[in-house]
Amino acid sequence: MAIKLPNTFIKATSLLSLILYFLITATLSPTLVLADEEVVDQDEDPEYYILDEAPSILSNVTISSKTRLLVSQYKKIKKGMRCHVASYNICSGVKANNGTSLLHCCKKHCRNILGDMNNCGRCGHKCGFGQRCCGGVCTYVNFNPNHCGKCTRKCASGVKCEYGYCGYA
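Residues numbered from 1 in each chain as written. Predicted model: local features only at pLDDT ≥ 70, side-chain atom pairs only at ≥ 80, totals over all residues. Heavy atoms only, no water.

Put simply, the rule is: UniProt positions are given in the numbering used here, feature names are shortened, and annotations may be inferred rather than shown by experiment.
As annotated in an unreviewed UniProt entry, the protein chain carries the name Protein GRIM REAPER and is attributed to Camelina sativa. Under the heading Sequence similarities (unreviewed entry), UniProt records this for the protein chain: "Belongs to the STIG1 family."

**Structural notes on the state of the cysteines**
What counts, and what does not: To count as a disulfide, a pair of cysteine sulfur atoms needs to be within 2.5 Å. Runs of H or I in DSSP of at least four residues are treated as helices and runs of E of at least two as strands, each being numbered from the N terminus.
Considering all chains together, one arrives at 8 disulfides under this definition. For C83, the disulfide goes to C105, at an S-S distance of 2.0 Å. Note on the C83 and C105 pair: the S-S dihedral is about 100 degrees, so by sign convention the disulfide is right-handed. Here C105 lies in strand β4 (residues 101-106) and C83 lies in the loop between β2 (76-78) and β3 (94-96), a separation of 22 residues in the sequence.

**A word on the confidence of the model for the protein chain**
Low-pLDDT stretches of the model should not have their predicted coordinates read in fine detail. Defined as follows: Confidence of the predictor at the level of single residues is given by pLDDT, which spans 0 to 100. When checking whether two residues touch, look at their non-hydrogen atoms; a contact exists if any pair is within 4.5 Å.
Counting all residues, the mean pLDDT for the protein chain is 75, and 70% of those residues have values of 70 or more. Mean pLDDT across the elements of the protein chain bottoms out in helix α2 (residues 30-44) (37) and peaks in strand β7 (residues 137-140) (93). Across residues 29-43 the pLDDT falls below 50, and counting only partners more than four positions away or on other chains, this stretch makes 3 contacts in the model.

**Notes on the nonpolar core**
Rules: To qualify as a nonpolar core, a set must consist of buried Ala, Val, Leu, Ile, Met, Phe, Trp, Tyr and Cys residues joined through side-chain atoms within 4.5 Å. Accessible area is worked out with a 1.4 Å probe on protein chains only. A residue is then buried under 20% of its type maximum, exposed over 50%, and partly exposed in between.
Y49, L51, I77, M81, C83, I90, C91, V94, A96, L103, C105 and C110 form the largest nonpolar core, which has 12 residues in total. Of all the secondary structure elements, the ones that give two or more residues to this core are β3 and β4.

**Some words on the side chain of N119**
Just so we agree on the cut-off: Polar contacts here mean pairs of N or O atoms no more than 3.5 Å apart (in protein, one a potential hydrogen donor and the other a potential acceptor; neighbouring residues in sequence count only if both atoms are side-chain atoms).
Within the secondary structure, N119 is located in the loop between β5 (109-112) and β6 (131-134). Side-chain polar atoms of N119 contact the backbone nitrogen of G124, separated by 2.8 Å. Residues within four places of N119 in sequence aside, it is in contact with C106, R111, N112, I113, G124 and H125.

**Here we look at a nonpolar patch on the surface**
How we decide: Patches were defined on residues exceeding 30% relative accessible area and lacking a salt bridge, with like-charge contacts within 9 Å and nonpolar side-chain contacts (Val, Leu, Ile, Met, Phe, Trp, Tyr) within 5 Å. All accessible-area figures derive from a Shrake-Rupley calculation using a 1.4 Å probe, and residue coverage is judged against the displayed protein chains alone. We define a salt bridge as a contact between a side-chain nitrogen of Lys or Arg and a carboxyl oxygen of Asp or Glu at a distance within 4 Å.
A contiguous nonpolar surface patch, about 590 Å² in accessible area, is contributed by L15, L16, I19, L20, L23 and I24. The exposure class assigned to L16 is exposed, which follows from its relative accessible area of 52%.

Structure representation (structure tokens):
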């Protein structure tokens, strides 16, 4: 015995499934997801440090012309740029990113000691679990209303920070 379905029911079901398919693919578009991730990367973690002042090493004549051009003309240092404390200290206490970064040569690489969790405040000082490096000080950010979830996020007056999110008053 065969079950007979009305023709309009089959058409409506087909149409509904096509609409659902287009809605799902439109909301899960990979170009939109990639665009959002790229914007976050640019805001949170730029590839270069923009120097506030020219480093003192530029007066040294042993520096290569490529590095002199990079630092003096563009006033930027690539993150993790190689350095040497004694002979090639390109990032010795140099301020960058409008004073929000302070660069030092840590284990042969330029590091921001005001925001690097492995070199917080000084080379080799690591922040613990649940901490971030905020201005060179290891800070717990899960329940701190002045640094809620990240260093620069402050909760409104009377609002608690709960698990890195500003909660309710």
